[in-house]
2 protein chains.
Amino acid sequence: MSRSNPRVLSTLERAGGFASAQEVYRLMQREGESIGLTTIYRSLQSLVNDKIVDVLRRDDGEAIYRLCGEAHHHHLVCKSCGDTVEIEGGAIEKWAKVMAEEHGFRDIGHTAEIFGLCAKC
Amino acid sequence: MSRSNPRVLSTLERAGGFASAQEVYRLMQREGESIGLTTIYRSLQSLVNDKIVDVLRRDDGEAIYRLCGEAHHHHLVCKSCGDTVEIEGGAIEKWAKVMAEEHGFRDIGHTAEIFGLCAKC
DNA sequence: AACGGGAATGAAAATCATTTTCATTTGTGA
DNA sequence: TCACAAATGAAAATGATTTTCATTCCCGTT
Ligand SMILES: [Zn+2]
Ligand SMILES: [Zn+2]
Ligand SMILES: [Zn+2]
Ligand SMILES: [Zn+2]
């Protein structure tokens, strides 16, 4: 596998930590950086593998990459404008544990996302 | 706009109420039905507009259409053998609603999955 | 410095779901 | 029967993502 090109991560940060591969590409072009789209896809994929960014899907199916902090959290995402709020899992954390025990599962993780329309949309 | 071709809805039901457009197409072909892919996309879109089916996204970005009224549930998946258990959302359902309200989001949906190692693995 | 091999890069082609175009067929009411 | 709108689907277009593959870059060794 390949390692992430640092300029890609840097651009994702500059984009507000939330963008599609195509958007990162256009942004870098606009700023005069010379890079291939392929490298952007590869770098983002590598960042996902390393759990440095999350990947979600827009309503239209395009993948959006989001820089994630260390702390475990969940997302509230606007279906229309892509605005994202990091939220606490609250009751989910216990729910996951209880459900897993109940069915004999161990070594668990979980994902939970909420999608909807934000106040502006 | 166009109205939904009834054979498409019937096929989606027969598929367990959960399939992509391409899967509906392949299923109808296998059963000897003559229909164009375009009509399937149009019909599914129309069913979505009429709120007869939901549309979600697979991890790979492909749209999957789900008959509304299918019981809402979540999954507990084994990372190793792929075994899957359908589970109730429990506290999650209220969590999603509360979190959304708190941030001014409306018209929401959510996803939540737990993954781990099952008893056999 | 010259060499060599593996990693990184990116242009171009391939893939694949979905949408658009547009010519043809079908249904329906006057 | 006629006219006309809606429905259909083949084919082309679109657009994101992946694959291919030749070239370039990096780095340690001779
Ligand atoms: Zn919004
Ligand atoms: Zn959590
Ligand atoms: Zn298992
Ligand atoms: Zn739920």
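None of the values given here were measured: they were computed from a predicted structure.

1. Focus: the domain arrangement of chain A
Residues and elements named next belong to chain A.
- Structurally, chain A comprises domain 1 (6-67) and domain 2 (74-116).
- Taking the mean C-alpha position of each, domain 1 and domain 2 sit 24 Å from one another.
- Contacts between the two partners involve five residues from domain 1, matched on the other side by seven residues from domain 2.
- Roughly 580 Å² of surface becomes buried between domain 1 and domain 2 when both sides are summed, with 56% attributable to carbon and sulfur atoms.
- Summed over the three residues of domain 1 that lose the most area to domain 2, namely L56, D59 and R66, the buried surface amounts to 66% of that side.
- Connecting domain 1 to domain 2 are one salt bridge.
- Across the pair E86 and R66 runs a salt bridge whose closest N-O atoms are separated by 3.1 Å.

2. Looking at the sheet that holds strand β5 (residues 84-87) of chain B
- Strand order across the open sheet formed by six strands is β5(A)-β4(A)-β6(A)-β6(B)-β4(B)-β5(B), with mixed pairing between neighbours. Of all strands in the sheet, those bounded by a partner on one side alone are β5 (84-87) of chain A together with β5 of chain B. Sheet twist, expressed as the average angle between the axes of neighbouring strands with direction ignored, equals 20°.
- The sheet contact formed by strand β6 (residues 106-117) of chain A and strand β6 (residues 106-117) of chain B spans nine bridges and is antiparallel. What sits directly across from I114 of chain A, in β6 of chain B, is H110 of chain B.

3. Comments concerning the protein's contact with DNA strand D
- As a matter of local geometry, DNA strand D sits amid 16 residues, with Y41 and A63 of chain A together with G36, T39 and R42 of chain B nearest to it.
- Of all DNA strand D atoms lying within 4 Å of any protein atom, the proportion belonging to sugar or phosphate reaches 59%.
- Between Y41 of chain A and DNA strand D, the recorded distance is 2.7 Å, taken from a side-chain N or O atom to a phosphate oxygen.
- Between a base nitrogen of DNA strand D and a side-chain N or O atom of R42 of chain B, the distance comes to 2.6 Å.
- When contributions to the surface near DNA strand D are tallied by element, the ones reaching two or more residues are α3 (37-49) of chain A together with α3 (37-49) of chain B.
- Class assignment for the residues of the surface near DNA strand D results in five nonpolar, eight polar and three charged.

4. Things to note about the pattern of salt bridges
All names here are of chain A.
- Counted according to the given criterion, the structure contains ten salt bridges over all chains.
- E62 is the salt-bridge partner of R58, the closest N and O atoms lying 3.4 Å from each other.
- The exposure class assigned to E62 is partly exposed, which follows from its relative accessible area of 25%.
- A network of salt bridges, in which partner residues are shared, links E23, R58 and E62.

5. Here we look at the nonpolar core
- Core analysis: the largest hydrophobic core is formed by 24 residues, its most contacted members being W95 and I114 of chain A together with W95 and I114 of chain B.
- For this core, the secondary-structure elements that each account for two or more residues are β4 (74-78), α4 (91-102) and β6 of chain A together with β4 (74-78), α4 (91-102) and β6 of chain B.
- Setting aside residues no more than four positions away along its own chain, W95 of chain A makes contact with H74, I87, E88, G89, G90, I92, A112 and I114 of chain B.
- Judged by nonpolar contacts, the second largest core, of 15 residues, contains L12, A19, I35 and Y65 of chain B.

6. Notes on the protein's contact with DNA strand C
- Within the structure, DNA strand C sits among 16 residues, and G36, T39 and R42 of chain A together with Y41 and A63 of chain B are positioned closest to it.
- Here, DNA strand C places atoms within 4 Å of the protein, and 61% of those atoms are sugar or phosphate.
- The separation between a phosphate oxygen of DNA strand C and a polar side-chain atom of N5 of chain A is 3.2 Å.
- Among the residues forming the surface near DNA strand C, the class breakdown is five nonpolar, eight polar and three charged.

Scoring rules and cut-offs
Each residue is numbered by its place in its chain's sequence as written, counting from 1. To label them, take the chains in the order written and letter them from A, then take the ligands in the order written and number them from 1. Per-residue local features of the predicted model are confined to residues with pLDDT of at least 70, and side-chain atom pairs are confined, for both listing and counting, to 80 or more; whole-chain, interface and lining totals are unaffected and use all residues. Only hydrogens and water are removed before side-chain values are computed, so all heavy atoms of the structure are retained for them. Throughout, the edges of the domains are those of an automatic or database domain assignment. Should any heavy atoms of two residues lie within 4.5 Å, those residues are counted as being in contact. A quick way to say it: buried area is the sum, across both parts, of accessible area lost when two parts are put together, with a 1.4 Å probe. By definition here, a salt bridge exists when the distance from a side-chain nitrogen of Lys or Arg to a carboxyl oxygen of Asp or Glu is within 4 Å. Two strands qualify as a pair provided DSSP detects at least 2 bridges between them. Secondary structure elements follow DSSP: runs of H or I no shorter than four residues count as helices, runs of E no shorter than two count as strands, and numbering proceeds from the N terminus. What counts as an axis is a line fitted to C-alpha atoms, over the stretch in contact for a helix, and the angles between N-to-C directions run from 0 to 180 degrees. We define proximity as follows: a residue is near a molecule or strand when any one of its heavy atoms falls within 4 Å of that partner. Here a polar contact is recorded for every N or O atom pair within 3.5 Å, except that within protein the pair must consist of a potential hydrogen donor and a potential acceptor, and residues adjacent in sequence are included only if both atoms are side-chain atoms. Under the convention adopted here, Pro, Cys and the residues Ala, Val, Leu, Ile, Met, Phe, Trp and Tyr are nonpolar, Asp, Glu, Lys and Arg are charged, and Gly plus all remaining residues are polar. When accessible area is computed with a 1.4 Å probe and restricted to protein chains, residues below 20% of their type maximum are described as buried, those above 50% as exposed, and intermediate ones as partly exposed. We call a set of buried Ala, Val, Leu, Ile, Met, Phe, Trp, Tyr and Cys residues a nonpolar core when their side-chain atoms join them within 4.5 Å.

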